[in-house]
Amino acid sequence: MIARTVQLFNQYYDQIMVWYHGLDQAAQMGVVFLLFVGSFFLVVFFMMSRMTK
């Protein structure tokens, strides 16, 4: 079970890295920026939901 999970993770990781490295530099920075913004909003949402309980 663990070996299958690791294999799937490695497969998708490799596919994402091939896609990411195929982008030009501006698109790569855009992807990184969107990941940071998405993570920020996710953390803020989680903190706000905890504070309102």
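Undergrad: Describe the packing of aromatic side chains, naming the residues involved and giving the relevant values.
TA: Within the structure shown, the criterion is met by two aromatic pairs. Centroid distance Phe 9 to Tyr 13: 6.1 Å. Interplanar angle 20°. Geometry classified as stacked. Here Phe 9 and its partner Tyr 13 are both found in helix 1 (residues 2–22), four residues apart, which amounts to about one turn of the helix. Between Phe 40 and Phe 41, the ring centres sit 5.6 Å apart and the planes meet at 65°, which makes this aromatic pair edge-to-face. Phe 41 carries the same exposure label as Phe 40, and that label is exposed.

Undergrad: Residue-level account of a nonpolar patch on the surface, with values.
TA: A cluster of nonpolar side chains, Phe 40, Phe 41, Val 44, Met 48 and Met 51, forms an exposed patch at the surface whose accessible area comes to about 530 Å². Note on placement: Met 48 falls in helix 2 (residues 25–51).

Undergrad: Explain the packing of helix 1 against helix 2 to me, using residue names and the numbers behind them.
TA: Orientation of helix 1 relative to helix 2, taken along the N-to-C sense of each, is 130°, at an axis distance of 8 Å. Here helix 1 lies oblique to helix 2, going by the angle between them. Residues Trp 19, Tyr 20 and His 21 of helix 1 touch helix 2, and the partners they reach there are Gln 28, Val 31 and Val 32. The residue inventory of the contact of helix 1 with helix 2, partitioned by class, reads four nonpolar, two polar and no charged.

Undergrad: Just give me the short version of the environment of Gln 28, but keep the residues and values in it.
TA: For Gln 28, the location among the structural elements is in helix 2. Of the residues examined, Gln 28 reaches a relative accessible area of 15% and is grouped as buried. Beyond its immediate chain neighbours, meaning those up to four positions away, Gln 28 contacts Tyr 20, His 21 and Leu 23. Within the local environment of Gln 28, its side chain forms a polar contact with the backbone oxygen of Tyr 20, the two atoms lying 3.0 Å apart.

So, how was this worked out
Residue numbers restart at each chain and count upward from 1, following the sequence in its written direction. Only residues with pLDDT of 70 or above have their local features reported here, since the model is predicted, and side-chain atom pairs are shown and tallied only from 80 upward, although totals for entire chains, interfaces and linings are computed over all residues. Derived side-chain values reflect all non-hydrogen atoms in the structure, with water molecules and hydrogen atoms excluded from consideration. Between the rings of Phe, Tyr and Trp (Trp by its six-membered ring), a pair exists once the centres lie within 6.5 Å; its type follows the angle of the planes, with under 30 degrees stacked, over 60 edge-to-face, and the other angles tilted. Helix and strand assignments come from DSSP, with helices taken as H or I runs of at least 4 residues and strands as E runs of at least 2, each series counted from the N terminus. In this scheme, a residue with accessible area under 20% of its type's maximum is buried, one over 50% is exposed, and one in between is partly exposed, where area comes from a 1.4 Å probe on protein chains only. In this scheme, patches are assembled from residues that exceed 30% relative accessible area and form no salt bridge. Like charges are connected within 9 Å, while nonpolar side chains (Val, Leu, Ile, Met, Phe, Trp, Tyr) are connected within 5 Å. Computed with a 1.4 Å probe, the accessible areas rest on the Shrake-Rupley method; for each residue, only the protein chains presented here act as cover. Think of a salt bridge as a Lys or Arg side-chain nitrogen and an Asp or Glu carboxyl oxygen that are within 4 Å of each other. Helix axes use the C-alpha atoms of the stretch in contact, all axes being lines fitted to C-alpha atoms, and the angles between their N-to-C directions lie in the range 0 to 180 degrees. Just so you know how the angles are binned, under 35 degrees is roughly parallel, over 145 roughly antiparallel, 65 to 115 roughly perpendicular, and the rest oblique. Residue contacts follow a heavy-atom distance rule, with two residues in contact if any of their heavy atoms lie within 4.5 Å. Lys, Arg, Asp and Glu make up the charged group, whereas Ala, Val, Leu, Ile, Met, Phe, Trp, Tyr, Cys and Pro make up the nonpolar group; the residues left over, Gly among them, are polar. N or O atoms within 3.5 Å of each other form a polar contact, as long as, within protein, one can give a hydrogen and the other can take it, and as long as residues adjacent in sequence are counted only when both atoms are side-chain atoms.

Don't take any of this as a statement about function, it's just geometry.
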